Each structure stands twice: as structure tokens, then as C-alpha cells.
Amino acid sequence: MTTRFEDIDLKIEKLVFLLNAEEGNPGIYDLIWELGRFNLTIEDKYKIARLVLTEILQDDLVILEKYKDFKLEEKIATIDKGEIDELLNNPFYWYPCNEILSISLTDKGSEYLDKEIPKYADKINARLSGK
């Protein structure tokens, strides 16, 4: 049975994405990979990733950076908020075989995680363990 978009707890996914940024992700496609735990349509996976990613970028919890390489060793630029929609609307950036867009946690994002994770610890642990 396919999971519906409406059944996904976006607050928990926001925290998962922030944890992903804290660990250092190899590209925004990894956020779609995180949603692979749910039996969602591909459209819903991208919809959720786009919604959550836009929110955490607009709230300055993460920054979006562009890299030349998969290992994130050759940084091209830090993306300005005004460019976010244009880049996220381009399928080129959602795949790992091109220039890589990656999110990095900001100090504000770290503070947010420190404050919110204890409130949702059980749900986060269940989500990350696949239960």
C-alpha cells in the first residue's frame, strides 16, 4: 500500500533533514533517499523534500552549497536564497552525477536541533530505525 503525502509527519522529516545536514550529506538527492523508507510515489518524495528543504533554507537552519565533486572537496559557491527556487526547479541538481548541491547546518540549525530533538526523541528514533 502506498503511503500518502498527508500521512508524513513533516516536523519529523524536518528534523531528519537537519540531522542529515549535521552529518554532512553528499547532495540533496540524499534527502529523497531518506524518504525511501516510506512507500511514497516519486512525486510525493520530491514534494516533501522540496517543502522541507525550502523551509529549512528560508529559516536559515541550513545553507545550500554547490560543489564540483561528489566528495564535497571542490566548493563552487554558497547559494543565495534568491537562487533557491531556480536551482530546485532544475532536475539537474537533484542527481548525483552533476554539480552537487549539498546542505550544511548553520549555528541556528544546531541550536534548533538541540532544542527540538529531545521533544521528539522517540519519534525520531522510530523513524531512523525504520519502525
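Parameters and conventions
- Residues numbered from 1 in each chain as written.
- Predicted model: local features only at pLDDT ≥ 70, side-chain atom pairs only at ≥ 80, totals over all residues.
- Heavy atoms only, no water.
- Helix = DSSP H or I, 4+ residues; strand = E, 2+ residues; numbered from the N terminus.
- Contact = heavy atoms within 4.5 Å.
- Areas by Shrake-Rupley, 256 points an atom, 1.4 Å probe, with all protein chains shown as cover.
- Lys, Arg positive; Asp, Glu negative; His and termini not counted.
- Charge placed at Lys NZ, Arg CZ, Asp CG, Glu CD.
- Core = buried A, V, L, I, M, F, W, Y, C linked by side-chain atoms within 4.5 Å.
- Buried < 20%, exposed > 50% of the residue type's maximum accessible area, 1.4 Å probe, protein only.
- Pairing = 2+ DSSP bridges.
- Axes fitted to C-alpha atoms, helices over the stretch in contact; angles between N-to-C directions.
- Salt bridge = Lys/Arg side-chain N within 4 Å of Asp/Glu carboxyl O.
- Polar contact = N/O pair within 3.5 Å; in protein donor to acceptor, adjacent residues only side chain to side chain.

### A word on the overall build of the chain
Then step 1. Along its length, the chain carries 6 helices and 3 strands.
Then step 2. What you see in the chain, going N to C, is helices and strands ordered as α-α-α-β-β-α-β-α-α.
Then step 3. By its C-alpha atoms, the chain is 40 × 35 × 25 Å across when sized along the principal axes.
Then step 4. When contacts within the chain are restricted to residue pairs at least 6 apart in sequence, long-range pairs at least 24 apart make up 74% of them.
Then step 5. Counting every atom, the chain has about 7400 Å² of accessible surface; 50% of that belongs to carbon and sulfur.
Then step 6. For the chain, the distance from the average site of its 18 positive side-chain charges to the average site of its 27 negative ones is 4 Å.

### A look at the nonpolar core
Then step 1. Grouped together as the largest cluster of nonpolar side chains are 35 residues, with contacts concentrated most on L18, I28, L53, I56, V62 and I103.
Then step 2. Where this core is concerned, the elements lending two or more residues are α1 (10–23), α2 (29–34), α3 (42–58), β1 (62–67), α4 (84–88), β3 (100–105) and α5 (107–116).
Then step 3. Every residue in contact with I103, bar those within four places of it in the chain, is listed here: F17, A21, N25, I28, L31, L53, I56, V62, I63 and L64.

### Some details on the sheet that holds β3
Then step 1. Ordered in space as β2-β1-β3, the 3 strands form an open sheet in which the pairing is antiparallel. Two strands close off the open sheet at either side, each with one partner strand: β2 (75–78) and β3. Taken over all neighbouring pairs, the strand axes of this sheet differ in orientation by 35° on average, direction set aside.

### Focus on the pattern of salt bridges
Then step 1. Summed over all chains, the structure comprises 13 salt bridges.
Then step 2. A salt bridge links E116 to K115, with the nearest nitrogen and oxygen atoms 3.7 Å apart.
Then step 3. Owing to a relative accessible area of 5%, E116 belongs among the buried residues under this scheme.
Then step 4. Note that E116 is salt-bridged to K119, the shortest N-O span being 3.2 Å.
Then step 5. Through salt bridges with shared partners, a single ionic network connects K11, K115, E116 and K119.

### Side note on the environment of E99
Then step 1. Take E99: it is sitting in the loop between α4 and β3.
Then step 2. When the C-alpha atoms of E99 and E83 are compared, they prove to be 15 Å apart, with 16 residues separating the residues in sequence.
Then step 3. Not counting residues within four places of it along the chain, the set of residues in contact with E99 comprises K66, Y67, I76, F92 and Y93.
Then step 4. Engagement of the side chain of E99 in a polar contact is seen with the side chain of Y93, the distance being 3.5 Å.

### What to know about the environment of N20
Then step 1. Relative to the assigned elements, N20 resides in helix α1.
Then step 2. Judged by its relative accessible area of 4%, N20 falls in the buried class.
Then step 3. Ignoring any residue separated from it by four or fewer positions in sequence, one finds N20 in contact with N25, D30, L31 and E34.

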